[in-house]
Amino acid sequence: SDLALLGAIVLIYTFAGTPIYSDIYFNKVPMELRMPIYILLFITIFIKSGILPFHHWVVDTYEESNHLFSAVLSAIISKAGVFLFVVLFIKVIGYKYIEPNLLDIVAWLGVITSIVATFKAISQDSLKRLLAYSSIAQIGYIITILSILNSSGLEAGLYHTVIHTFVKLLLFINIASIIYITGKSRFSELGGLLYKYPTLFIMLLIGIIGLAGMPPLGGFSSKFLIYTTLLEEKKALLLVAVMFS
């Protein structure tokens, strides 16, 4: 991921003459080199965000890491790709230089990631692997809506990023508590959480409602913004795919 990013930085620096965001004029980069730069940057973002087909490391890392550190991985470190997307394509390059067809491909990769990750999550027996696939699906939504590259898409994407951060912290910390208390990390080994540990059950329920986009929690507002942005941009197929996922 970082080798791809370094390659893009070298190409931009060669023609822009500076690594400072505000001093870079991307129009100085020759047309024939712009597409390789875009591809390198998107590879960087896809790997860091766990977008298909670069998602395998996310699930294994979340499952094998320290239970509490999994919360940091999902809530904070997974946002590195989102941060790069916003900084590079809005502050450094500027959306006017990017081919719309390329952004359409990125948007579809994001929503396909969400669909595949959701179905993979359903089949998991491990608590942490399920939440890992769920994180991949949510980041897929964010990449899809950021690909619209207008103020509404940016607003919806960043708002959902914030919601996902807090909800995943809540869920992973609760999962860590369950594993610590019970010594079990699989659904098939658990049951009766409501009666044994009602506080944990309630906190998990709040996280699930937030992640599912149900009112009155913030997940409803952020997903509603994603839907309305796609509707306003007349991205009907994308909207249907996102709602399906």
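The sections below set out a description of the structure shown in this document. Only a predicted model underlies this, so the values are computations on that prediction, with no experimental measurement involved.

## Focus on the overall build of the protein
And then number 1: A tally of helices and strands in the protein yields 12 helices and zero strands.
And then number 2: Relative to a compact globule of 245 residues, whose C-alpha radius of gyration would be 18 Å, the protein shows 19 Å and is just as compact.
And then number 3: The buried share of the protein, reckoned over its 245 residues, is 47%.
And then number 4: Carbon and sulfur atoms provide 70% of the accessible area of the protein, an area that totals close to 12,100 Å².
And then number 5: Taking the average place of the 16 positive charges on the side chains of the protein and the average place of its 13 negative ones, the gap between the two points comes to 4 Å.

## Describing the side chain of S114
And then number 1: Summarising the element assignment, S114 is placed in helix α6 (residues 100-122).
And then number 2: At 2.8 Å, the side chain of S114 forms a polar contact with the backbone oxygen of A137.

## Brief notes about the environment of M35
And then number 1: Tracing the backbone through its elements, the reader meets M35 in helix α2 (residues 31-49).
And then number 2: C-alpha separation for the pair M35 and I98, spaced 63 residues apart in sequence, amounts to 8.6 Å.
And then number 3: Contact partners of M35, with chain neighbours within four places excluded, come to E99 and L102.

## Thoughts on the environment of A212
And then number 1: Structurally, A212 can be placed in helix α10 (residues 198-212).
And then number 2: When the C-alpha positions of A212 and K223 are compared, they lie 9.0 Å apart, and in sequence the two are 11 residues distant.

## As for the nonpolar core
And then number 1: In this structure, F42, F85 and F89 are the most contacted members of the largest nonpolar core, which totals 32 residues.
And then number 2: At the level of secondary structure, the elements contributing two or more residues to this core comprise α1 (2-16), α2, α5 (80-92), α6 and α7 (127-146).
And then number 3: By residue number, the principal contributor to this core is α5, which donates eight residues.
And then number 4: The contact partners of F85, leaving out residues within four places of it in the chain, are F42, I45, I90, V106, I143, L146, S147 and L149.

## A few points about unusual backbone geometry
And then number 1: Cis rather than trans, the peptide bond between L52 and P53 has omega equal to 0°.
And then number 2: Within the element layout of this structure, P53 appears in the loop between α2 and α3 (56-64).
And then number 3: Between P215 and the following residue, P216, the backbone shows a cis peptide bond with an omega angle of 10°.
And then number 4: Take P216: it is sitting in the loop between α10 and α11 (218-232).
And then number 5: The phi torsion at K234 lies on the positive side, around 60°, for a residue other than glycine.
And then number 6: As for its placement among the helices and strands, K234 is situated in the loop between α11 and α12 (236-244).

## Focus on empty space enclosed by the protein
And then number 1: Applying the stated rule across the entire model yields one cavity of 30 Å³ or more.
And then number 2: Quantified by volume, the largest cavity comes out at close to 50 Å³.
And then number 3: Along its surface, the largest cavity is lined by K48, S49, W57, V58, Y62, S78, S135, I136 and I139.
And then number 4: Residue assignment for the lining of the largest cavity shows that the elements contributing at least two residues are α2, α3 and α7.
And then number 5: Along the lines of polarity and charge, the residues of the lining of the largest cavity split into five nonpolar, three polar and one charged.

Procedures and definitions
Residues numbered from 1 in each chain as written. Predicted model: local features only at pLDDT ≥ 70, side-chain atom pairs only at ≥ 80, totals over all residues. Heavy atoms only, no water. Helix = DSSP H or I, 4+ residues; strand = E, 2+ residues; numbered from the N terminus. Rg over C-alpha atoms; globule rule 2.2 N^0.38 Å. Buried < 20%, exposed > 50% of the residue type's maximum accessible area, 1.4 Å probe, protein only. Areas by Shrake-Rupley, 256 points an atom, 1.4 Å probe, with all protein chains shown as cover. Lys, Arg positive; Asp, Glu negative; His and termini not counted. Charge placed at Lys NZ, Arg CZ, Asp CG, Glu CD. Polar contact = N/O pair within 3.5 Å; in protein donor to acceptor, adjacent residues only side chain to side chain. Contact = heavy atoms within 4.5 Å. Core = buried A, V, L, I, M, F, W, Y, C linked by side-chain atoms within 4.5 Å. 1 Å grid on protein atoms, 1.4 Å probe; cavity = no way out; pocket = protein on both sides within 12 Å on 5 of 7 lines; lining within 4 Å. Points joined across faces, edges and corners; volume = space filled by probe spheres on them. Nonpolar A, V, L, I, M, F, W, Y, C, P; charged D, E, K, R; others polar.

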